[in-house]
Every structure is written in C-alpha cells, then in structure tokens.
Amino acid sequence: MLPTALLYFHDVARTGSITEAAIAQHVSASAISRQISNLERTIGVTLFARHPRGMTLTEAGRLLLAHARRSEAEGEALIRELQDFDKRQKRIINIVSSEGLARCRVPRAIARFTVDYHDVDFHLDVVSSAEATRMVVDGQADIAAVYALGLQRDVTVEFSAAAPAFAVVATGHPLADRSSVSLDELCAYPLTLPAKGLSQRELFDIAVQMEQISPRIALSADQVSPALEFARAGAGAALMSRLVAHPEGEDGLAFVAIDHPVFHQRQAQIQTMAGRRRPAVQTAFIEVLAEVLAEG
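Conventions we followed
- Residues numbered from 1 in each chain as written.
- Predicted model: local features only at pLDDT ≥ 70, side-chain atom pairs only at ≥ 80, totals over all residues.
- Heavy atoms only, no water.
- Helix = DSSP H or I, 4+ residues; strand = E, 2+ residues; numbered from the N terminus.
- Buried < 20%, exposed > 50% of the residue type's maximum accessible area, 1.4 Å probe, protein only.
- Contact = heavy atoms within 4.5 Å.
- Lys, Arg positive; Asp, Glu negative; His and termini not counted.
- Charge placed at Lys NZ, Arg CZ, Asp CG, Glu CD.
- Pairing = 2+ DSSP bridges.
- Axes fitted to C-alpha atoms, helices over the stretch in contact; angles between N-to-C directions.
- Parallel < 35°, antiparallel > 145°, perpendicular 65-115°, else oblique.
- Left-handed = near helix turned anticlockwise from the far one by under 90°.
- Expected span 1.5 Å × (residues − 1).
- Salt bridge = Lys/Arg side-chain N within 4 Å of Asp/Glu carboxyl O.

**A few points about the overall build of the chain**
Assigned secondary structure in the chain consists of 11 helices and 13 strands. Its C-alpha atoms give the chain principal-axis dimensions of about 70 × 50 × 25 Å. Residue burial in the chain is summarised as follows: out of 296 residues, 46% are buried. Within the chain, residue pairs in contact and separated by at least 24 positions form 74% of the contacts whose partners lie at least 6 positions apart. Within the chain, the 35 negative side-chain charges are centred at a point lying 5 Å from the centre of the 29 positive side-chain charges.

**Notes on the sheet that holds strand S11 (residues 237-241)**
One open sheet holds the 6 strands; their spatial order is S8-S12-S7-S11-S9-S10, and the pairing between them is mixed. At either margin of the open sheet sits one strand with a lone partner, and together these are strand S8 (180-181) and strand S10 (217-220). Examined bridge by bridge, strand S9 (residues 191-193) and S11 share 2 bridges and lie parallel to one another. When the bridges of S11 are listed, Thr-192 appears paired with Ala-238. Along the sheet face, helix H9 (residues 199-211) touches strand S7 (165-170), S9, S10 and S11 and points at about 120° away from the line of S11. Packing against the sheet, helix H10 (residues 224-232) makes contact with S7, S9, S10, S11 and strand S12 (253-258), and its axis sits at approximately 135° to S11.

**Focus: unusual backbone geometry**
A positive phi angle, close to 60°, is found at His-26, a residue other than glycine. For His-26, a relative accessible area of 73% puts it in the exposed group. Even without a glycine there, the phi angle at Gln-212 is positive, about 55°. Among the secondary structure elements, Gln-212 is positioned in the loop between H9 and S10.

**Details of the packing of helix H6 (residues 105-114) against helix H11 (residues 280-294)**
Running from N to C, H6 and H11 cross one another at 130°; their axes reach a closest spacing of 9 Å. With respect to H11, the axis of H6 lies oblique. Seen from above, H6 lies across H11 with right-handed handedness. Every residue of H11 that contacts H6 at Arg-105, Val-106, Arg-108, Ala-109, Ile-110, Arg-112 and Phe-113 is listed here: Val-281, Ala-284, Phe-285, Val-288, Leu-289, Glu-291, Val-292 and Leu-293.

**Points about the sheet that holds strand S13 (residues 267-273)**
A sheet is described by the order of its strands in space; here 5 strands give the open sequence S4-S3-S5-S13-S6, paired in mixed fashion. Two strands lie at the open edges of the sheet, namely strand S4 (120-126) and strand S6 (155-162), each paired on one side alone. Averaged over all adjacent pairs, the angle separating strand axes in this sheet is 20°, with direction ignored. In terms of strand pairing, S6 meets S13 through 7 bridges, oriented antiparallel. Across the sheet, Thr-156 pairs through a bridge with Thr-272, a residue of S13. In the packing of H6 onto the sheet, the strands contacted are strand S3 (91-97), S4 and strand S5 (143-148), and the crossing angle to S4 comes to about 175°.

**Describing H11**
Along its 15 residues, H11 runs 21 Å from first to last C-alpha, staying within 8% of the 21 Å computed at 1.5 Å per residue. Within H11 the residues assigned to the buried category are Val-281, Gln-282, Ala-284, Phe-285, Ile-286, Val-288, Leu-289, Ala-290, Val-292 and Leu-293.

**Points about the pattern of salt bridges**
As enumerated under the stated definition, the model contains 15 salt bridges in all. As a salt-bridge pair, Asp-119 and Arg-91 come within 2.6 Å of each other at their nearest N and O atoms. Here Arg-91 lies in strand S3 and Asp-119 lies in the loop between H6 and S4, a separation of 28 residues in the sequence. Given the relative accessible area of 26%, Arg-91 is considered partly exposed. The partner of Glu-229 in a salt bridge is Arg-232, and the shortest N-O contact between them spans 2.4 Å. Residue Glu-229 and its partner Arg-232 are located together in helix H10, separated by 3 residues, close to a single helical turn.

This is the structure:
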C-alpha cells in the first residue's frame, strides 16, 4: 500500500544500506538511490546522513519513518478488514507480551474476549518488553502488553498500572508471613533475578547500590517458571510482579511487598502504535485486557 519512494525509503531506514535495501526489493541500488534523492528533493529536506559504512536517519527522516510505519500498518489493517468483510473470514489480533503478563493475564483476557467475539482469533508472541515495544513501533504487532519504566517513545500507552516487585518465597519461608520486608532483610537470603538489562533487574541493581548491599544472586533466569520453582523449593526468594501470579493464588508461594521506593517505579502497560487508526475490535480487546490487568 506504500508508494514506491516510501517503500524504498523504509527499507533503507531499516537496513541502513542502499545495497541491502536493493537486495530486499530485488531492484538495482541505483534505482533505490534515485528514489531517495527524488524524495528528498520533493520534500526539500535531507532524510539521511551519508556515511562511508551506511546511512542514518536525520530528525526529519525519523519523522517520515514513523509516518511510513503508520501508513503501512494501516494499509495492512484495511486490507484485512476488507477481506474479512468480503469473505467473512475470521479477524486476527496480533499481540506481543512479556512472559510475566503472558503467563496468566493476557490469556485470561483473550479467553474472556472470545466468549462474545466468535469471529476473532489471536496470535500471541512472548518476547521481552523492549522487543514487544519495538514490534508495535515497527507495525509487526497490533498490541503490546509489557512492563515499562515510564512513558515510551513512538507508542501510545492505552493503559498503565503500577506493577511493583514483590519478594516471592515458599509458604514455609521465614519471610512468608510478613506483610512487607526491607531490602536488607530480603538480601539476607539467596535470590533469583532476571539477567541484567531487564527493567526489574535494573531497579534491583539501583536499590542495592543505594543501600550499599551485596546480595547473593544464586540464579539468573529470564524465564518465570525457573524463578518460581527456585522460590518454591524454599532456599531463597525471587522478585516478581503480582501480575505474574494466578488471581486464585500460587500453590506453595507467598508474595511479600518490598519496602523500598525504587520497586514502585515499574508499570504494566498496554501499548499500540502512536497515531495509528485502530479497528474497533482491537479497541474492544484493549478494554478487556485493561480490566484483567486492573484486577491484579
């Protein structure tokens, strides 16, 4: 649905190379270069900074890329709607979610939604929160359910709720009956944490640096299940949002609040592409997903 010039521009922006864009489009590099030059001449601004090893977007180029992504995503959504109308095919909503929210909350929202919408199917990809946001920005997904620290660029935050980290311990653990625990008390036990680079680990590292604590990280695990099993075994504790847990509770586990302000900075967010026209069925699902997240 994109004009040729915007299509070529999009691929150069994505690859950073006229040669790679030409390979992707099965045309000559000179054809790509000519279209980009004509586009810059027509608009009257420089879209790329040329370097010996490739091309990077200028600020004007970044604005045009956001427009191209929205146009491409809206064109694809329109085609799907037209096909659904003409052929009465099932509609598909593409969702990306962090593992913590995909463990329980997102599937519950989908199940609740499908009771009333029999002609809607879902495709769910479980990725990191950063990757989920990127996929929405790039138009590869319709909706992202993620953990985030504050607002994100190039997306619309449709819903947000506080998602503080809790200490997760076995029900027989010395901390299990506490309403809250200090960071110093928590770090007296072996811990399992995500790898560095994830928001929860970033907040933990900030907190222990502030308090000058040297914790024992017995297990680094980016997946939810190994961390929960580590905690369930009773030797130590994991750090998790309550949204990871089933609303009915988790057998053998207790969630204990951590008394430190750093752990209250993280949010659970529903994100969509900024400025994109959204089909009514996606808006309806976002409302259901927001309800399910708010229940936590």
